[in-house]
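Chain residues, written in single-letter form:
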Amino acid sequence: MQTDAIQPLTPEIEERIRINPLLNIDTFIIPSPYISDSSAQKDTEHSYIWTEEGEILGYLLTYVSADGTEFLIYKLVTSPYGRGRGIGTAFIEHLAARIPEKAHIYLYVWEKQYDTVEFFCNKGFVPGDSIVYRNMVYHRLNALREAVLAKVGRDNLIAPAADEIGRTRHDARKTLSSLTAMVNALAPENAGRIIEDINRETTTLMNMLNMYRDSTAMAHEVNLQDLVLERLVSYVEASREHVELVINLSATNPMVLGHWLNIGRALVNLASNAIDAMSECDRPGRLSISLRNEGERNVTLHIADNGTGIPAELLERDEEGKPAFIGRSTKADGKGEGFGTAQVWSTFGPEMLDIHSVLGEGTEWIIHFERSAIGLTKRFSSLQRRFHELEVLQEEIEVSSSESERTEVITAIWRVRKKEIFIFELLEQFSRHHNIRDLYRVVLSYFHGGMDDDEFASRVSEWKGEHQAHNKWLSTTARRVLRRYENLASRVDMNDYRGALFKSYGQSVDKVIIFTLNPATRLFLATDRKLAEHLDFVPYLGGDKTKVLRGEFVGDVNIDNNPIYLGVWSVDSEEDLKVKLNLLREGARAILKFGIHPSKRLALYQSTFVRYQRDIDSDASCTFSEFAALSLEELEQRFVREAEDEMQGFLAALD
């Protein structure tokens, strides 16, 4: 972690933060800015900022009790360009390492921010009492300094590459063995079922390898019953050993939070070890799998075999609660590396596992799960939380043409753009049943007066998605976006804020943003590349594609080395080549007026249609200021090349 990026928060820097739109676009600060202890004071000694190349990407504002024993995380804010990089975790660890021993850290989080609650619980915080603040319920999360340091420190540990490769190889070998057994069992009467099993195991293997590449997967909701049937039963049935399988799935609502792949790997490892243990006995093997209710909140999974069992001395636990046999082979022939039990232990740990075994009789693993309190998929709950947060963004900054500061207007633009980007993500939820580009064209038409609120809501209500709630969220959010843009346009001259309108798309850091630009008017329209083609915007920008430019960018446009692309649809003649070069130059000048750094890189698209022997050189690149200042002759010398003969008259690149 780049801890040298963390600097003290000073009053001067607080003022810089106050006027920085990127650090004020969220009215829902994580955590909630609420102080229950009236004696608590702002603690500048334990408040920090995160800076890179002079830019503030996040800050932590802390309050401390009068006796110096309780520290409130009052605000923890990250710029859109700093999210997903571990800045929040670094702040928490930095704070915990610098407060007194036995001190407490606490904060308040809105009850609907499920993933935020989970984030802090994973850092050692424990939910406590709830309070009502501004007519909403907030959970108090509390942690001892030592608990935070222990948890964050453990999370930062990275398994040695050789060990992780060994574990992955071990699990992959089991999957490949299962695939081989399935192929051997293939027959005309079972071909359909076996092929489905092979496809599932192949997908599991690919996910396993992907997991090695990306070990930071978020927890999600897992249906234990589906997991048992899809992974465990199919694995046992594919085994070369004859095993009687007894299944009892009596638990209701077996939904738990965890990692589907991790839990699946652990169950396969348990089944594999059980099959090996039973194969060493002279009696028929019998494997029992049961899923049971344990009170209202818990579910237990029991996996019991009648194999060789584990010696009593190997069941003894150390001071951390780990039995002696974990991580070592107990097989009679000495084969095995112990990776299977180590993976099971790392997935569940002592709090979730009970192990009972009698030498010569068999072994039973009991895994205790707590039901998911969310009752929703991780993706759904994340979208739901964000919808509710954006509802609160209706507490808009009041903007008037005569009184508002420029930074307030820019902040308002970034906020409404955040809602628009949320619409992009909602549209993706309908991709299984619709062409989402067709759906986006409906949204675009609505934004430009092609239909009223009622017609738009009716159209959206007919779309088929994973959850009916997505339809309502989309129509509601789109209506709010349109109203807010109309409100802003009625109060200020939006031509004065073209830069904020353009740059604010960059907060969608994980999406390629395409735009179509009219250099003469500096008007543009933009969206996520998955949702539209550049041509979709042409009718709203004058209707003549020969007078507009195609473009795209990713993320923060203030990063100079990350280029903005510009291009034209076609070059038809020598005269047209000069026209298009001039159009590109005017486009560069228009974007410079948006406040883009003169040193920002400009790259060029290849023309969509190659109709002339000379074309724009898509391999050439320079800065925006350089391109904007070149004469037409200089542009022709540097940014034109001979077109490839075989491509003339054909579609050379997809729009």
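Values in this document were obtained by computation on a predicted structure and should not be read as measured data.

### Here we look at the overall build of the protein
- For the protein, the helix and strand inventory stands at 19 helices and 25 strands.
- Looking at the protein as a whole, 51% of its 655 residues are labelled buried.
- Partitioning the contacts of the protein with sequence separation of at least 6, the portion at a separation of at least 24 is 71%.
- Summed over all atoms, the accessible surface of the protein reaches about 30400 Å², with 49% contributed by carbon and sulfur.

### Overview of the sheet that holds strand β15 (residues 362-370)
- Taken in spatial order, the five strands make up an open sheet running β10-β12-β13-β15-β14, and their pairing is mixed. Two strands bound the open sheet, and with one partner strand each, they are β10 (243-249) and β14 (353-358). Neighbouring strand axes in the sheet, compared pairwise and without regard to direction, differ in orientation by 10 degrees on average.
- Bridge count between strand β12 (residues 285-294) and strand β13 (residues 298-305): eight bridges; the pairing is antiparallel.

### A short note on the pattern of salt bridges
- Overall, the coordinates contain 27 salt bridges when judged by the stated rule.
- For the salt bridge of R441 with D438, the shortest nitrogen-to-oxygen distance reads 2.8 Å. On the criterion of helical spacing, the pair formed by R441 and D438 is a turn pair, its members being three residues apart in helix α13 (residues 436-447).
- Of the residues examined, R441 reaches a relative accessible area of 33% and is grouped as partly exposed.
- For D572, the salt bridge is made with R611, and the minimal N-O distance between the two is 3.5 Å. Taken together, the residues D572 in the loop between β20 (570-571) and α17 (574-593) and R611 in the loop between β22 (609-610) and β23 (614-616) connect sequence positions 39 residues apart.

### Side note on helix α12 (residues 406-428)
- The terminal C-alpha atoms of α12 lie 34 Å apart, and with 23 residues this matches the ideal 33 Å at 1.5 Å per residue to within 8%.
- Counting buried residues along α12, 19 of its 23 residues qualify, which places the element largely inside the surrounding structure.

### Some details on the sheet that holds strand β17 (residues 523-528)
- Pairing is mixed across the open sheet formed by six strands, whose spatial order is β17-β16-β18-β19-β21-β24. The open sheet has two edge strands with one neighbour each: β17 and β24 (621-623). Shown here is a sheet whose adjacent strand axes are inclined to one another by a mean of 25 degrees, direction ignored.
- Sheet analysis places strand β16 (residues 512-518) next to β17, joined by six bridges and oriented antiparallel. Looking at β17, one finds that T516 is bridged to L525.
- Contacts between α17 and the sheet are confined to β16, β18 (549-554), β19 (564-567) and β21 (601-604), with β19 contributing the most and set at about 145 degrees to the helix.

### Quick notes on the nonpolar core
- Counting 116 residues, the largest nonpolar core has F125 and L474 as the members making the most contacts within it.
- Considering each element in turn, this core owes the most residues, twelve residues, to α12.
- With residues near it in sequence (within four places) discarded, L474 still touches I423, L426, L427, F430, V443, F456, V460 and W463.
- Listed in part, the 38 residues of the second largest apolar core include V222, V228, F348 and W365.

### Observations concerning the packing of aromatic side chains
- Taken as a whole and assessed by the stated rule, the structure comprises 22 aromatic pairs.
- Between Y63 and Y74, the ring centres sit 4.8 Å apart and the planes meet at 55 degrees, which makes this aromatic pair tilted. One end of the pair, Y63, is in strand β4 (residues 55-64); the other, Y74, is in strand β5 (residues 70-78), and eleven residues separate them in sequence. Exposure class is identical for Y63 and Y74. Each is buried.
- Note on F502 and F524: the rings are 5.4 Å apart at their centroids and 85 degrees apart in plane angle, and the pair reads as edge-to-face. Of this pair, F502 sits in helix α16 (residues 498-503) while F524 sits in strand β17, and the two are 22 residues apart along the sequence. Assigned by exposure class, F502 and F524 land together as buried.
- Here the aromatic residues F502, Y505, F515, F524, F553 and F594 are joined through ring pairs into a cluster of three or more.
- Positioned above the aromatic ring of Y106 is the side chain of R140, whose terminal nitrogen or guanidinium carbon lies 4.0 Å from the ring centre.

### Here's the deal with the environment of E486
- On the secondary structure map, E486 appears in helix α15 (residues 469-491).
- Through-space distance from the C-alpha of E486 to that of F447 is 10.0 Å; in sequence the pair is 39 residues apart.

### Section: the environment of A277
- Looking at where A277 falls in the secondary structure, it is placed in helix α8 (residues 260-279).
- Taking the C-alpha atoms as reference points, A277 and N306, separated by 29 residues in sequence, lie 8.1 Å from one another.

### Let's talk about the environment of K419
- Here K419 shows up in helix α12.
- For K419, a relative accessible area of 1% puts it in the buried group.
- On a C-alpha basis, the gap between K419 and L390 in space is 6.7 Å, while along the polypeptide they are 29 residues apart.

### Section: the packing of α17 against helix α19 (residues 632-639)
- α19 packs onto α17 with a crossing angle of 100 degrees between their chain directions and a minimal axis gap of 10 Å. For the element pair α17 / α19, the angle class is roughly perpendicular. Here E574, K578, L581, N582 and R585 of α17 lie close against α19, whose contacting residues are L632, L635, E636 and F639.
- Split into classes, the residues belonging to the contact of α17 with α19 amount to four nonpolar, one polar and four charged.

### Things to note about the packing of α12 against α15
- Closest axis-to-axis distance for the α12/α15 pair is 9 Å, and the angle between their directions is 155 degrees. Classed by the angle they form, the pair α12 and α15 counts as roughly antiparallel. When the axes of α12 and α15 are compared, the crossing they make is left-handed. Contact residues: α12 offers A412, I413, V416, R417, K419, E420, F422, I423, L426 and L427, while α15 offers H470, W473, L474, T477, A478, V481, R484, Y485 and L488.
- Its residues placed into classes, the contact of α12 with α15 shows 13 nonpolar, two polar and four charged.

### Focus on unusual backbone geometry
- In this structure, K102 is a non-glycine residue whose phi angle is positive, near 70 degrees.
- You can see K102 is positioned in the loop between α2 (87-98) and β6 (104-110).
- The class of K102 is exposed, set by a relative accessible area of 60%.

### Here we look at helix α7 (residues 224-237)
- Compared with an ideal rise of 1.5 Å per residue, which puts 14 residues at 20 Å, α7 spans 18 Å between its outermost C-alpha atoms and is within 8% of the ideal.
- Taken together, the buried positions of α7 are occupied by L224, L227, V228, R231, L232, V233, S234, Y235 and V236.
- Its side-chain oxygen 3.0 Å from the backbone nitrogen of Q225, N223 forms the N-cap of α7.

### Topic: the confidence of the model for the protein
- Overall, the prediction assigns the protein a mean pLDDT of 83, with 81% of residues at 70 or greater.
- Every residue in residues 210-218 scores below 50 in pLDDT, and together they form ten contacts with partners more than four places removed in sequence or on other chains.

Reading the values: the criteria
Residues numbered from 1 in each chain as written. Predicted model: local features only at pLDDT ≥ 70, side-chain atom pairs only at ≥ 80, totals over all residues. Heavy atoms only, no water. Helix = DSSP H or I, 4+ residues; strand = E, 2+ residues; numbered from the N terminus. Buried < 20%, exposed > 50% of the residue type's maximum accessible area, 1.4 Å probe, protein only. Contact = heavy atoms within 4.5 Å. Areas by Shrake-Rupley, 256 points an atom, 1.4 Å probe, with all protein chains shown as cover. Pairing = 2+ DSSP bridges. Axes fitted to C-alpha atoms, helices over the stretch in contact; angles between N-to-C directions. Salt bridge = Lys/Arg side-chain N within 4 Å of Asp/Glu carboxyl O. Expected span 1.5 Å × (residues − 1). Core = buried A, V, L, I, M, F, W, Y, C linked by side-chain atoms within 4.5 Å. Phe/Tyr/Trp six-rings, centres within 6.5 Å; stacked < 30°, edge-to-face > 60°. Lys NZ or Arg CZ within 6 Å of the ring centre and 35° of its normal. Parallel < 35°, antiparallel > 145°, perpendicular 65-115°, else oblique. Nonpolar A, V, L, I, M, F, W, Y, C, P; charged D, E, K, R; others polar. Left-handed = near helix turned anticlockwise from the far one by under 90°. Polar contact = N/O pair within 3.5 Å; in protein donor to acceptor, adjacent residues only side chain to side chain. pLDDT = per-residue confidence, 0-100.

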